[in-house]
Amino acid sequence: MKFPAQMSVENNITTTFNLTLVLYIIVVSIFSGFSESSDIVKMVFQGEGPQGGTLAFYVIGFLSILLLLIYWGATLFKKFWNLFLMDVFKVRAINNTEALALILMTALFWL
């Protein structure tokens, strides 16, 4: 009889799952911004304000840098998991997509 830690994982977390999580976080953040009806949302999406058109480019640049930092954070978390937690708690190694999913699931708590 195999224990759960010894069984092979056939249902791996895929890139599609991670992309779905990222899109969900973005959509929830946008809708929470619309519900607050803040001035920055009006400036970005409705083109109002002194920098209406260029502010959207700043937001896109900010989001791309944020996604890059999330990916780097997932890589560091994977290294921490595989080099430290795996030895201390006797858990299995994780790959990049699983580390990214853990980072994104943690981000859901701050929405």
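Scroll up to find the structure this text is about.
Residues numbered from 1 in each chain as written. Predicted model: local features only at pLDDT ≥ 70, side-chain atom pairs only at ≥ 80, totals over all residues. Heavy atoms only, no water.

Below, the discussion takes up the overall build of the protein chain. Within the protein chain one finds four helices and zero strands. Helices and strands appear in the protein chain in the N-to-C order α-α-α-α. A separation of at least 24 residues holds for 52% of the contacts in the protein chain among residues at least 6 apart in sequence. Here the protein chain displays about 8,700 Å² of accessible surface, and carbon together with sulfur accounts for 71% of that area. (Helix = DSSP H or I, 4+ residues; strand = E, 2+ residues; numbered from the N terminus. Contact = heavy atoms within 4.5 Å. Areas by Shrake-Rupley, 256 points an atom, 1.4 Å probe, with all protein chains shown as cover.)

Right, let's talk about the nonpolar core for a bit. Counting residues in hydrophobic clusters, the biggest one holds ten residues: Leu21, Val22, Ile25, Ala74, Trp81, Leu85, Ile94, Ala99, Leu100 and Leu104. Sorting the residues of this core by element identifies helix 1 (15-36), helix 3 (52-89) and helix 4 (96-107) as the ones contributing at least two each. Ignoring any residue separated from it by four or fewer positions in sequence, one finds tryptophan 81 in contact with Met86, Val91, Arg92, Ala93, Ile94 and Leu102. (Core = buried A, V, L, I, M, F, W, Y, C linked by side-chain atoms within 4.5 Å. Buried < 20%, exposed > 50% of the residue type's maximum accessible area, 1.4 Å probe, protein only.)

This part is about unusual backbone geometry. You will see that lysine 90, though not glycine, has its phi angle at about 55 degrees, which is positive. Counting through the fold element by element, lysine 90 comes out in the loop between helix 3 and helix 4.

As a further point, take helix 4. Along its twelve residues, helix 4 runs 17 Å from first to last C-alpha, staying within 8% of the 16 Å computed at 1.5 Å per residue. What helix 4 keeps buried is the set Glu98, Ala99, Leu100, Ala101 and Leu104. (Expected span 1.5 Å × (residues − 1).)

Moving on to the pattern of salt bridges. The final tally for this structure, using the stated rule, is one salt bridge. The shortest N-O distance in the salt bridge between arginine 92 and glutamate 98 comes to 2.9 Å. (Salt bridge = Lys/Arg side-chain N within 4 Å of Asp/Glu carboxyl O.)

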